[in-house]
Amino acid sequence: MKYAPFLLLWLLTISLLSITPHRLTAESTNPDDTFHIARVKYGGGGDWYSNPSSIPNLLKFIRKQTGVMTASDEDVVELSSPRLFSHPYLYLNGHGNIRFTEREIEHLRAYFAAGGFLHADDNYGMDNSFRREMKRVLPEAEFVDLPFNHPIYHSHFNFPSGPPKIHEHDGKPAQGLGLFLDGRLVVYYTYQSDLGDGWEDPDVHNDPPEKRLTALKMGANIVIWRLMGGE
Amino acid sequence: MNPVKDIEYARRTLDQLRRSQFRIDLTAGLLRALALAVLVWTVGTGVESGLRLPPGTRSLLLAGMALLSVAFLLFTIITVKRNPRLRRGRFAEEWWALKLGQSAPDRIRDRLLNALQVNQPHARHRNLMSEELARRSLYLAVADLAGIPLENALDGSPRRRSLVVLACSALITILLFAVFPASYPSAAGRLAHPRTMFAVPPPFSLSIEPSGGWAYRGEPLAFTVSATGLAPDEADFVYRFEDGLERSNRIRIKEGHGEIKFDGFPASISYLARRGGIASREYHLDIIARPQVAELGYRLFPPQYSRLPMVLGRENVGDVEALPGSRLQLTVRATKQLAQGWIAFMRAGSDSSSVDSLPLNVSGQTCTGRLRIMREGSYRIRLVDSDGHENRDPISYRVRLLSDSPPLVRITHPAEDVALGDDMRLQLLVEADDDYGISRGQLAYRLMSQDSVVNRFPLEFAPRNAQAATAEYIWDMSDMPLFPGDVLEYWATAWDNDLINGPKRSESERRLVRLPSVEEIIASVEQSEEAGIEQAQRTLEEARNLREKISELVDELHRNPEFDWEKGREIKEAVDQQGDLKQQVEELSRRIDDLVEQLDKHDLTTLETLEKYQELQNLIAEIATPELMEAMDRLREAMDSQDPDKVRQALEEFDIGSQEFLERIERSISIFKQLQLERKMDELTRLTEELLHQQEDILERMDDLTDEELADRASALVNPMNAINENMKETAKLAELAGEATLAAQLDSLSKLSAERDISGGMRRAAESFAQHVKPEGRASGEQVARDLAELSSGLRQSSSDLKERRKAQLAHELRRITEELLYVSRSQEELSSESSRIETRSPRYRNLAGRQEDVRLALQGVISRLFELSRETFFITPDLGASLGKAIDELDRALVGFSDRTPRSVVSPQQKALGEINRSALKILNILAKLESASSSTGYEEMIEQLSQMAQSQQCLNDQSMMMPGGEGQQMMPGGEQLARMAAQQRSLQQQMQQLSEKGQGMKDILGDLEEIAGSMGEVADDLEDRQIDERTRRLQRQIVSRLLDATRSVKEKEYSRRRESRTGRDLTRKSPPALLPDQDKDKLRRDLLRAFQEGYTKDYRQLIRNYFQALERSAEKTSR
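Reading the values: rules and limits
- Residues numbered from 1 in each chain as written.
- Chains lettered and ligands numbered in written order.
- Predicted model: local features only at pLDDT ≥ 70, side-chain atom pairs only at ≥ 80, totals over all residues.
- Helix = DSSP H or I, 4+ residues; strand = E, 2+ residues; numbered from the N terminus.
- Buried ≥ 20, exposed ≤ 12 C-beta atoms within 10 Å, placed from the backbone.
- Contact = placed C-beta atoms within 7 Å.
- Expected span 1.5 Å × (residues − 1).
- Pairing = 2+ DSSP bridges.
- Axes fitted to C-alpha atoms, helices over the stretch in contact; angles between N-to-C directions.
- Parallel < 35°, antiparallel > 145°, perpendicular 65-115°, else oblique.
- Left-handed = near helix turned anticlockwise from the far one by under 90°.
- Nonpolar A, V, L, I, M, F, W, Y, C, P; charged D, E, K, R; others polar.
- pLDDT = per-residue confidence, 0-100.
- Core = buried A, V, L, I, M, F, W, Y, C linked by C-beta atoms within 7 Å.
- Arc of directions from axis to C-beta.

**Q** Lay out the overall build of chain A with the relevant residues and their values.
**A** For chain A, the count of helices and strands is seven helices and seven strands. Along chain A, helices (α) and strands (β) appear in the sequence α-β-α-β-β-α-β-α-β-β-β-α-α-α when read from the amino end. The buried share of chain A, reckoned over its 231 residues, is 47%.

What follows is the structure, encoded as structure tokens:
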């Protein structure tokens, strides 16, 4: 265990390197030099695996629209895994209950402290448990409704009215909530928006093309904002 | 009679009188002597007082006074003793006998004197009278004495006079002492000590009032200095503190008195008055401090509803501003030990006598208390110390009530009166502000057409109890009994969270939402569309004029290269005009946007057409190309440089750009007009189907609604039907003008159908029947109308579909032809390139090849022209296709130049490039064709709708035939077995079709409902028909089948019309931006500024500079934060 700090430092360095601007160049041909999205596999009974086609579609869209070299498929990572620190960008969604173990909470806290970022997307039904678990991870932090002039809404595409509403659930407006740690936005939580559904294959939800496009654009915005070193 | 006794008696009586008078006179004499002695002593004292005699003289005076007093006494005694009346003897006896007789003249007179005189033993006349008579006279005289008051014979006046004299002299003495209190008493004192040497007294003496005692510290105090004697004009008031500090103040003495006032003394003093060497006594004044408030502090607890934090008052500042209901917790520390304390609260506006007292809890020097603030006023802290001293004039602290204003509520979205969309939903955004929080809200509405009651429902404001809260609500009015033309007035109400005085409420402005009639919607849409087309045509006309002007300018510059001021002005005007045209195009784009919004909102067209409009909008947005804008910029720069060559070159580029601008406008207008027809067809179809839906709804709810309601609903359909009829005629004319004769004919036919069936008449008849309470007739008319509308709607849908298909087919046909030609050009060019690559420089075939190259170029030009023409009719032909072919032409031109120069190298390369571009263009066209074909296959909904619609019609025919058959309650065997068998066969066929459709539509079960169930019902009807048993149940089943088929048809149609909604796609809700992040959460501010700077559209170099600048700023911020 005496090498743990060095290991952590190494992982952190790798993480930071992975988000440096040179990766934005489309000319890069190194297969490892691509942007990955890691889907969080959590416990508690919720469907962490929901919207299976969403992330590949989003990655494809980003590659096509922005020239960022992206992986073709998602990674799956458990919060208790050391591999967590090699993914600078996490994605979490689902409909049901979420429960983190103590070890997962510690890991996630360290991950955020090391500069990691999580995009959580309420697929309808995970709101209560997600908020509860995040309170356990960052007890001091409160969710903040991000103003519409936040760069996350303008990093590549323009969303002057905040996150788009992709699917109806409660008839409430979509919200983009943020959790800050030392002034950094470490969790971006799309609530009542359901971007994940919008990223899915067209025949899954039969969303009109423009809605899907909007969802993908917003997803790309989050990624690009993050890749540009957004805090 | 005993003369001896009588005479003794008489003599004794007379002696008694003499002694009494002696005592009186002696007393009177003594009193006189005393009076004289007093006078002597008074005079002597006066002499001493006035002369301040030396001791020897004073002793002499005193001796003289004593002698004189003794002399007066002796004189008095001697005088009395020597008075013969008062000395024992015969004279005194006879004088008193006479006096007694005179005091009783009636009885005695001189008889007693006579009796005494005659009874004297040695009387001279004794022998002259008888003894007896003498005794007898004596006897009688004595007898007369009895009962006579003797005191009448006494003279008391000397004693009274002496008393008066004594009193007078005493009075004089007292007066003198009183008038000269300083000198007379002291003189008397000195006389009392005649041999003592007395010092000379000062000319005056001083005294002070108050003469000692205590006073409150710091309170005003006045001293009066009195001077007696020769009072000086002024004196010094000297006071000394206990620490030895002495101070003096001069006082003016007037009439013996002078006053001095002090604002207050901080400590005890000793004081005296002094003038010259004469000083008053020294007095001591103890200064006592009253209890005072040494420290005052408070904590103010605002009422809980306000959620305001506790306020800690500033030290020793007791003024309070608070909301009603706030609790004030006071802590007072006094300067002394306290016995009691209380808060005296005086309400504002009341007289000073109206004071509420609230006792404080006292502990040593501290006291605390709580006060609930409910009204304005002021309060004082009153304290009493353990010695009973009370604080004086305590400070009055103000209590001001903060007002809790009523909330402010406003409807921010919609910002104005609006028309209700086809989805019957109104998105509301209500904002409310209050100084302390919004507790709840409500939306109220009423129908304007009636004096209807106001309905209300709660609005949920979030965040709750926040000062600024928002309620977002999608108001679904689909369940409300609204008819086209109805207007709802609505407003929001918000309550604040004032739990003390009760929540205050306020209402927003009132807004109207109108359910527009079909006619209005159509009119509005068409107006927008016409306005758009008109504007586009105006822009086109202006663009043409501008184009001519620019061409003339180019020619002029070619003719006369000199660039003068006049030309410069004209060019500038042209550039400005082009700028205006750009703005007009932007305005046109906005108009199309509005149109699209209207179409979408009222669901007047299909998604496909809607998308075409959006494409059109994109097309218009791209009319002003970046190249044109750059050409304008370059022209401006060239004009600034005044270089004729540059100006000419820039003008030529501008000319090309404006030509392209013109062509794009023409293309947009052309497509716009085409779309207008498609849009109108969609609109007609949609409206007819909507009418059908409403008619079916009437039929379905016939048992639930009253006759009046049914009549209202049925009559509400008439006007929309008339509008549809009118619209069909107008659209037919439009089709005629657009060269769509087939569509025009179809529409004419449908118009005739509507007229022949008199659909609107049927609606009217149904309404009249309902109004006359003849429901069966109303139902029959309604059913007929529904059938007619279904037929009309089907026809319109078919016509609309035909139009689109026809256009697609024509487009595909044209594109195929163009592709063939392009491929021919490609092949020709390939051969030519092959030959050109092998030819020698001096070959005679150069000319021939050059001619063939010219032919290829001309052929390609022809293709381009046809493509351009075609592009006016479709979006499929994109600008990049034109650009690709344009490049090919350019390369061919270069190749021709190569031919004329006889340089094989400069021929082959452009030829290859041109060939590449031609082939790429051909591929693009093939892609367009593929896209077109896939578009025509659509989603399969059309086919399904068609099939369901036809089956509904067939079923209706069967139903009609069944209705014609006799039958009623119970089973009955039917005649006409042949007809029944045919009907059964038809029913069976329909059942099979339905089963197939059911299998095909498995994935759409949620839309279509259970088609298998319909198939089952069809089977049952077929069984009945085969058994020749038609009864009421059979007919009911048949009606159900038609009804469900129509339902399924409508479901599919609605599914197609509003695919987005059916898939529960989210609707964008207008929402106010959350507040800005706190500074520690806003580390991205610099990045945001950078992004904004980029969005301004700077050049690359500038962007890099801006990036560097922001990076430097960020580094600087980081350093600062460290």
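**Q** An account of the overall build of chain B is needed here, citing residue identities and associated values.
**A** The number of helices and strands found in chain B is 28 helices and 28 strands. Looking at chain B as a whole, 32% of its 1122 residues qualify as buried. In chain B, of all internal contacts separated by at least 6 residues, the share reaching a separation of at least 24 is 73%.

**Q** With reference to specific residues and values, describe helix 24 (residues 1011–1026) of chain B.
**A** All names here are of chain B. Taking 1.5 Å of rise per residue, 16 residues should cover 22 Å, and helix 24 covers 22 Å from first to last C-alpha, within 8% of that figure. Every buried residue belonging to helix 24 is among L1011, I1014, A1015, M1018, V1021, A1022, D1024 and L1025, and all of these are buried. With its phi angle positive at about 55°, R1028 sits one or two positions after the end of helix 24.

**Q** Break down the environment of S837(B) for me, citing the residues and quoting the values.
**A** Locating S837(B) in the fold gives a position in helix 17 (residues 775–838). The spatial distance from the C-alpha of S837(B) to the C-alpha of Q911(B) is 9.6 Å, given a sequence separation of 74 residues.

**Q** Tell me about the sheet that holds strand 2 (residues 75–78) of chain A, and please be specific about residues and values.
**A** Residues and elements named next belong to chain A. Judged by pairing direction, the sheet is mixed, and its seven strands sit side by side in the order 2-1-3-4-7-6-5 without closing on themselves. The two strands at the open ends of the sheet, each matched to only one other strand, are strand 2 and strand 5 (144–145). Judged from the four bridges that link them, strand 4 (residues 117–122) and strand 7 (residues 184–191) form a sheet pairing that is parallel. Directly across from L118, in strand 7, lies its bridge partner V187.

**Q** How would you summarise the packing of helix 18 (residues 845–871) of chain B against helix 19 (residues 879–901) of chain B if you had to cite specific residues and measurements?
**A** Residues and elements named next belong to chain B. Between helix 18 and helix 19, the least distance of the axes is 10 Å, while the angle of their chain directions is 165°. Judged by the angle between their axes, helix 18 and helix 19 are roughly antiparallel. Helix 19 is crossed by helix 18, and the crossing has left-handed handedness. Facing helix 18, whose interface residues are Y846, L849, A850, Q853, E854, V856, R857, L860, Q861, I864 and L867, helix 19 presents L881, G882, L885, A888, I889, L892, A895, L896, F899 and S900. Here the residues of the contact of helix 18 with helix 19 sort into 15 nonpolar, four polar and two charged.

**Q** Which residues make up the confidence of the model for chain A, and what values do they have?
**A** When the pLDDT values of chain A are averaged, the result is 83; 84% of them are 70 or greater. Between residues 11–31 of chain A, whose pLDDT stays under 50, and residues either more than four places distant or in other chains, the model counts 27 contacts.

**Q** So, unusual backbone geometry: which residues are in play, and what are the values?
**A** At the junction of H413(B) and P414(B), the peptide bond is cis and its omega measures out at 0° in the coordinates. The phi angle at D182(A) is positive, at roughly 50°, despite the residue not being glycine. Residue position: D182(A) is located in the loop between strand 6 (175–181) and strand 7. Notably, H773(B) is not glycine yet its phi reads approximately 65°, a positive angle. Along the chain, the position of H773(B) falls in the loop between helix 16 (759–771) and helix 17. By C-beta crowding, H773(B) is classed as exposed, having 12 other C-beta atoms within 10 Å.

**Q** Let's hear about the environment of Q956(B): which residues, and what values?
**A** All names here are of chain B. With respect to the helices and strands, the residue Q956 is situated in helix 21 (residues 941–964). Using a count of 21 C-beta atoms within 10 Å as the deciding quantity, one classes Q956 as buried. For the pair formed by Q956 and I1041, sequence separation is 85 residues and the distance between their alpha carbons is 9.0 Å. Apart from residues no more than four positions distant in its own chain, Q956 is found in contact with R787 and V1042.

**Q** Summarise the confidence of the model for chain B; cite the residues concerned and give the values.
**A** Residues and elements named next belong to chain B. Within chain B, residue pLDDT values average 81, and 89% of them lie at 70 or more. Within the model, pLDDT remains below 50 along residues 968–973, and this stretch shows 10 contacts once partners closer than five positions in the same chain are excluded. Of the two predicted TM-score estimates for the complex, the pTM is 0.42 and the ipTM is 0.75.

**Q** Now, about the sheet that holds strand 12 (residues 320–322) of chain B: what can you tell me, with residues and values included?
**A** Across a sheet, strands are paired by hydrogen bonds formed along the backbone, either parallel or antiparallel in direction. All names here are of chain B. The strand order 12-19-18-14-15 describes an open sheet built from five strands, whose pairing is mixed. Each edge of the sheet is formed by a strand with only one pairing partner; in this case those strands are strand 12 and strand 15 (355–359). Each strand axis lies, on average, 25° off the axis of its neighbour in the sheet, ignoring direction. Of the strand pairs in this sheet, strand 12 and strand 19 (residues 396–401) are connected by three bridges, and their pairing is parallel. Counterpart to A322 in the pairing with strand 19 is L401.

**Q** Explain the pairing of strand 5 (residues 246–252) of chain B to me, using residue names and the numbers behind them.
**A** All names here are of chain B. Sheet analysis places strand 4 (residues 234–241) next to strand 5, joined by seven bridges and oriented antiparallel. Across the sheet, the residue bridging to E234 is R252, located in strand 5. Hairpin connection between strand 4 and strand 5: a loop of four residues separates the two successive antiparallel strands, and G244 in this loop has a positive phi of roughly 100°.

**Q** Please set out the pairing of strand 1 (residues 38–41) of chain A residue by residue, giving values where relevant.
**A** Residues and elements named next belong to chain A. As paired strands, strand 1 and strand 2 are joined by four bridges and run parallel to one another. Across the sheet, residue R39 finds its bridge partner in strand 2, namely V76. Bridge analysis of strand 1 against strand 3 (residues 89–94) gives two bridges, and the strand direction is parallel. When the bridges of strand 3 are listed, A38 appears paired with L90.

**Q** I'd like a rundown of the nonpolar core, residues and numbers included.
**A** Counting residues in each nonpolar core, the largest one holds 93 residues, and the members touching the most others are L616(B), L635(B), L651(B), A714(B), M763(B), L789(B) and M1018(B). Here the element with the most residues in this core is helix 12 (residues 644–700) of chain B; it accounts for 16 residues. Those residues within four positions of L616(B) in sequence are excluded, and the remaining contacts are I592(B), S668(B), I671(B), F672(B) and L675(B). Core analysis: the next-biggest nonpolar cluster, separate from the first, contains 57 residues, F35(A), A215(A), I222(A) and I224(A) among them.

**Q** Can you tell me about the packing of helix 12 of chain B against helix 14 (residues 718–737) of chain B, naming the residues and giving the values?
**A** Residue and element names in this part refer to chain B. Orientation of helix 12 relative to helix 14, taken along the N-to-C sense of each, is 160°, at an axis distance of 10 Å. Compared by their axis directions, helix 12 and helix 14 come out roughly antiparallel. Pair helix 12 / helix 14 crosses with left-handed handedness. Within the contact between the two elements, helix 12 uses L677, K680, M681, L684, L687, T688 and L691 and helix 14 uses P720, M721, I724, N727, M728, T731, L734 and A735.

**Q** Which residues make up helix 13 (residues 707–715) of chain B, and what are the values?
**A** All names here are of chain B. Taken together, the buried positions of helix 13 are L710, A711, R713 and A714. Down the axis of helix 13, the sector holding all buried residues measures 165°, keeping them to one side. Elements in contact with the buried residues of helix 13: helix 12, helix 16 and helix 17.

**Q** I'd like a description of the environment of L113(B), backed by residues and values.
**A** Residues and elements named next belong to chain B. Residue placement: L113 occurs in helix 4 (residues 111–118). C-alpha separation for the pair L113 and E94, spaced 19 residues apart in sequence, amounts to 5.8 Å. Once you skip the residues sitting within four places of it in the chain, L113 turns out to touch E94, A97, L98 and G101.

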